[in-house]
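Understanding the architecture of this molecule
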Amino acid sequence: MITIQTAEDALKTVYLGVLAEQLNTSVNPFMAKIEQTSSDVWGKEIKKLAMYGLNGGVGASTETADLPKAGGNNYANFTLTLKNFYGKIELSDKAIRASQNNTGAFVNLLNSEMEGLLNNAKANFGRMLYGDGSGLLTKLGAKQSDNRSFIVEDTKYLVEGMIVDICKNAEASAVSGHDALRIVSIDRNSNKVTVDRVISIATLNNTYGLYVQGSKDSELTGLGAIFSKNDLYGLKRADYTFLTPFEKSAGKTINSDIIQEVIDHVEETTGGNVDIILTSYKARRKYLQSLEGTRTNVDYLNLDGGFKAISYNGIPVVVDRFCPDNDMYILNSNDFKMHQLCDWRWLEGERGNVLKQVANKPVYTATLVKYADIICDRPQGQAKITNILA
């Protein structure tokens, strides 16, 4: 007989391991290559000493001259606050009771909830990888006459069903009465978004933005932060030149010469080794067109996790739906670490229970949690090609 306890046991012993594995390895090939570690986590923060440059304690001289002066290693102290990531499922008491004498129906019920949670979490992590931590999905334009629709700057990071907040970009939380809005429909031709409630803000413009519910300024410190002009990991870029990665404008095109020039710059300047290239569908099409023009054969790679990629001299060129349309990232995954307090866990109550009844409702919820963030030890060893126009 299926009970709440049966559901709890299944979530803990059967589904947790599968969910954690999928979220750690199946978001995208780059995320799968990033090492996960609990080192350098101190309380609620990540504090890491990052070495840069050379220690300088090497030299050559005559047999009677003074020995080289010891230089010591150069260190910078990186500091980040652990981000809080949550995923929530909901099971009604009625659905559980309806399947209590049918194991197959119960398994299907849990499988459906787990699949929805997994797909949502993978999409959010994939998107956050390219973000700057602010959580901004898009800036807003004019409100429409129905008061439930508005124009947005870009729909790339928006999907029907998402629950979002409208925030004034300079403020920390949602505009009063405009949190937890559900996206009902998206017209991608006109960049029009419709939500499930009336928007009472008199005038919408680009000083407002859409954010995933409750996530403003609380998301993963992704590539957007590394390639921004803002300070990074608590340090001023002006004081540490190794915090600034290399960028090159493609001049509206992309070809093997440009890619090789950027790779050569990274390897010559930092001694790093590029092992993955991330790009958008549009930029990939542009690159494939350049290969056709030179009649170059295209090699394909099968990557761990079931991913496929084209090859540039053995380096996988991975297309990603969340990569900005006109960009190509040239990266060394060995320079990145996911520092975490622990791997994915169910949020447990005092008695170790993971399913909790919602107050005054015949509904039970379970919440998946992880406290972590990503640090790039050597931002200077990363590069980006911009201005690739398809």
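In this text, all values refer to a predicted model and were calculated from it rather than measured experimentally. (Residues numbered from 1 in each chain as written. Predicted model: local features only at pLDDT ≥ 70, side-chain atom pairs only at ≥ 80, totals over all residues. Heavy atoms only, no water.)

1. Brief notes about the pairing of strand β22 (residues 383–386)
Residues Ala383 and Ile385 point to one face of β22 and Lys384 and Thr386 to the other, with burial holding for every one of them. One ladder, built from four bridges, connects strand β12 (residues 246–249) with β22; its direction is parallel. Looking across to β22, one finds that glutamate 247 is bridged to lysine 384. Examined bridge by bridge, strand β17 (residues 328–331) and β22 share three bridges and lie antiparallel to one another. If you follow isoleucine 330 over to β22, its bridge partner there is alanine 383. (Buried < 20%, exposed > 50% of the residue type's maximum accessible area, 1.4 Å probe, protein only. Helix = DSSP H or I, 4+ residues; strand = E, 2+ residues; numbered from the N terminus. Pairing = 2+ DSSP bridges.)

2. Description of the environment of asparagine 120
Residue position: asparagine 120 is located in helix α4 (residues 103–128). Exposure remark for asparagine 120: the relative accessible area of 48% places this residue in the partly exposed category.

3. Let's talk about the packing of aromatic side chains
All told, the structure shown has 10 aromatic pairs when counted by the stated rule. Through a chain of ring-to-ring contacts, three or more aromatic side chains come together here, namely Phe78, Tyr233, Tyr240 and Phe242. (Phe/Tyr/Trp six-rings, centres within 6.5 Å; stacked < 30°, edge-to-face > 60°.)

4. Here we look at unusual backbone geometry
Residues other than glycine seldom take positive phi values, yet alanine 180 does so here, at roughly 55°. Accessibility expressed as a relative area gives 34% for alanine 180, which makes it partly exposed. The backbone of asparagine 313 shows a phi angle near 50°, a positive value even though the residue is not glycine. Within the fold, asparagine 313 resides in the loop between β15 (308–312) and β16 (315–319). A residue is classified by how much of its surface remains accessible, and asparagine 313, at 65% relative accessible area, is exposed.

5. Looking at the packing of helix α1 (residues 4–25) against α4
Relative orientation and spacing of two packed helices are given, respectively, by the angle between their axes and the distance between those axes. For the pair α1 and α4, interaxial distance at closest approach is 11 Å and the crossing angle is 35°. The interaxial crossing formed by α1 with α4 has right-handed handedness. Here α1 contributes Thr6, Ala7, Ala10, Leu11, Tyr15, Leu19, Gln22 and Leu23 to the contact with α4, which in turn contributes Phe106, Val107, Leu110, Asn111, Met114, Leu117, Leu118, Ala121 and Lys122. For the contact of α1 with α4, the residue count by class is 13 nonpolar, three polar and one charged. (Axes fitted to C-alpha atoms, helices over the stretch in contact; angles between N-to-C directions. Left-handed = near helix turned anticlockwise from the far one by under 90°. Contact = heavy atoms within 4.5 Å. Nonpolar A, V, L, I, M, F, W, Y, C, P; charged D, E, K, R; others polar.)

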